[in-house]
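# A look at the structure
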Amino acid sequence: KAGVTQTPRYLIKTRGQQVTLSCSPISGHRSVSWYQQTPGQGLQFLFEYFSETQRNKGNFPGRFSGRQFSNSRSEMNVSTLELGDSALYLCASRGGSSYNEQFFGPGTRLTVL
Amino acid sequence: GESVGLHLPTLSVQEGDNSIINCAYSNSASDYFIWYKQESGKGPQFIIDIRSNMDKRQGQRVTVLLNKTVKHLSLQIAATQPGDSAVYFCAERERDDKIIFGKGTRLHILP
């Protein structure tokens with residue numbers, strides 16, 4: 001089975017721009033979660049999608065949004081980028097018998113200049 | 001803020017010794033507590049989980065202990081190997097199924 005893939009792997013943007021990140025989950029997994037990872041804050045939960053619906057949301061401003069498609073692929077969008085948005089964005093999928101086992105992609109490293 | 005946190009940011013252990021990584025949590029309503037390992041340049045990887053009604057669970061070379069009285073979770077790694085070098089996160093699966101992570105402990109293996 002192919003693992004979770006994320007594109008692009010690296011991205012450089014400037015303040016005020018917007019960005020869209022993509023995640024393809026493991027085949028058959030319907031849940032996709034997004035996390036922001038920074039050295040100071042660790043792994044912070046952004047949101048989770050299940051069957052095209054946002055099921056949970058973390059404490060991030062409305063500039064952060066996401067969606068999920070019928071094939072379970074997910075995208076997250078950050079509008080009006082700020083310097084503090086520089087981080088590693090990880091997506092994780094899960095499904096099957098162990099719902100505690102999230103499978104993470106390698107992440108997208110976003111740098112905002 | 002985060003309801004799951006860690007006592008120590010870095011832990012150094014001699015190769016072959018046992019490692020104990022600790023975690024404090026505050027959300028007593030979580031159904032499961034989970035440990036993940038993140039190696040450099042990779043996403044976190046699931047190690048082991050424990051249901052909230054249990055106090056101990058063993059896996060291959062790892063044991064997780066849950067003390068609900070003091071809201072404490074620990075991960076014990078037996079006979080630590082160089083490949084165990086990583087950042088370890090405790091996490092909890094809340095009632096609404098979302099998984100929340102603590103800040104992580106870096107495990108450093110001394111030769």
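You'll find the structure just up there.
A brief structural summary. Sequence order as written defines residue numbering, which begins from 1 separately in each chain. Starting at A for chains and at 1 for ligands, labels are handed out in the order in which the entities are written. Only residues with pLDDT of at least 70 get local features here, since the model is predicted, and only at 80 or more are side-chain atom pairs given and counted; chain-wide, interface and lining totals rely on the full set of residues. Computation of side-chain values: all heavy atoms of the structure, hydrogens and water removed.

### Some remarks on the overall build of chain A
Under the convention used in this document: Only DSSP runs of H or I covering at least 4 residues are called helices, and only runs of E covering at least 2 are called strands; the numbering of each starts at the N terminus. The size measure is the radius of gyration over C-alpha atoms, and the globule rule it meets is 2.2 Å times the number of residues to the 0.38 power.
Counting its regular elements, chain A contains zero helices and eleven strands. The order of α-helices and β-strands along chain A, N terminus first, is β-β-β-β-β-β-β-β-β-β-β. For a compact globule of 113 residues, the expected C-alpha radius of gyration is about 13 Å, and chain A comes in at 13 Å, within 12% of that figure. Projected onto its principal axes, the C-alpha coordinates of chain A cover approximately 40 × 25 × 25 Å.

### Details of the packing of aromatic side chains
What counts, and what does not: Ring pairs shown here join Phe, Tyr and Trp side chains whose ring centres sit within 6.5 Å, with only the six-membered ring taken for Trp; geometry is labelled stacked below 30 degrees between planes, edge-to-face above 60, and tilted in between. Exposure classes here rest on a 1.4 Å probe applied to the protein chains alone. A residue is buried below 20% of its type maximum, exposed above 50%, and partly exposed in between. Ring-over charges, as used throughout, are those where CZ of Arg or NZ of Lys falls within 6 Å of the ring centre and within 35 degrees of the ring normal.
All told, the structure shown has eleven aromatic pairs over all chains when counted by the stated rule. For the pair Y35(A) and F101(B), a centre-to-centre distance of 5.2 Å together with 85° between the ring planes defines the contact as edge-to-face. With Y35(A) in strand β4 (residues 31-38) and F101(B) in strand β10 (residues 99-101), this residue pair bridges two chains. F101(B) carries the same exposure label as Y35(A), and that label is buried. Grouping aromatic residues by their ring pairs yields a cluster made of Y35(A), F45(A), F104(A), Y36(B), F46(B), F89(B) and F101(B). Here the basic side chain of R55(A) rests over the ring of F50(A), its NZ or CZ set 4.8 Å away from the ring centre.

### Notes on the state of the cysteines
Operational definition: We call a pair of cysteine sulfur atoms a disulfide when they lie within 2.5 Å.
Counting across every chain of the model gives two disulfides over all chains. One disulfide bridge connects C23(A) with C91(A), the sulfur atoms lying 1.7 Å from each other. Taken together, the residues C23(A) in strand β3 (residues 19-24) and C91(A) in strand β9 (residues 87-94) connect sequence positions 68 residues apart. Overall, C23(A) belongs to the buried group, its relative accessible area being 0%. Bridging C23(B) to C90(B), the disulfide has an S-S length of 1.9 Å. With the S-S dihedral at roughly 55°, the linkage between C23(B) and C90(B) falls on the right-handed side. Of the two residues, C23(B) sits in strand β3 (residues 19-25) while C90(B) sits in strand β9 (residues 86-93), which places them 67 residues apart along the sequence. Across the pair, C90(B) and C23(B) agree in class, each one buried.

### Thoughts on the nonpolar core
Our working rule: What makes a nonpolar core is a set of buried Ala, Val, Leu, Ile, Met, Phe, Trp, Tyr and Cys residues whose side-chain atoms join them at distances within 4.5 Å. Contact definition: two residues touch when any of their heavy atoms are within 4.5 Å.
Core analysis: the largest hydrophobic core is formed by 21 residues, its most contacted members being W34(A), L46(A), F64(A), M76(A) and Y89(A). Elements that contribute at least two residues to this core include exactly β3, β4, β5 (42-50), β8 (74-78), β9 and β11 (108-112) of chain A. In this view, M76(A) contacts V19(A), T20(A), L21(A), W34(A), L46(A), F47(A), F64(A), S65(A), G66(A) and Y89(A); residues no more than four positions away in its chain are not counted. If you look at the next biggest cluster of nonpolar residues, it comprises 20 residues, including Y25(B), L73(B), L75(B) and I77(B).

### Describing unusual backbone geometry
Peptide bonds are mostly trans, and most non-glycine residues show a negative phi. Cis geometry is adopted by the peptide bond preceding P8(A), which originates at T7(A) and carries an omega value of -10°. As for its placement among the helices and strands, P8(A) is situated in the loop between β1 (5-7) and β2 (10-13). At S51(A), a residue that is not glycine, the phi angle is positive and equals roughly 50°. Inspection of the secondary structure puts S51(A) in the loop between β5 and β6 (53-57). By relative accessible area, which is 32% here, S51(A) ends up partly exposed. Even without being a glycine, K71(B) presents a positive backbone phi close to 55°. With respect to the helices and strands, the residue K71(B) is situated in the loop between β7 (62-67) and β8 (72-77).

### Some words on the pairing of strand β11 (residues 105-110) of chain B
Residue and element names in this part refer to chain B. What counts is decided by this rule: The pairing criterion for strands is at least two bridges between them, as found by DSSP.
Here β11 shows one buried face, formed by T105, L107 and I109, and one open face, formed by R106, H108 and L110. Both strand β2 (residues 10-14) and β11 contribute to a ladder of five bridges, which runs parallel. Considered in β11, the bridge of T10 is made with R106.

### A short note on the sheet that holds β1(A)
All names here are of chain A. Going by this rule: Only the stretch in contact is used when a helix axis is fitted, and all axes are lines through C-alpha atoms; the angle between N-to-C directions ranges over 0 to 180 degrees.
With antiparallel pairing, four strands are arranged side by side in an open sheet as β1-β3-β8-β7. Lying at the two open borders of the sheet, with one neighbouring strand each, are β1 and β7 (64-68). Here the average twist between neighbouring strands, direction ignored, is 20°. Strand direction decides the pairing type here: β7 and β8, joined by five bridges, are antiparallel. What sits directly across from F64, in β8, is V78.

Shape is all these values report; function is a separate question.
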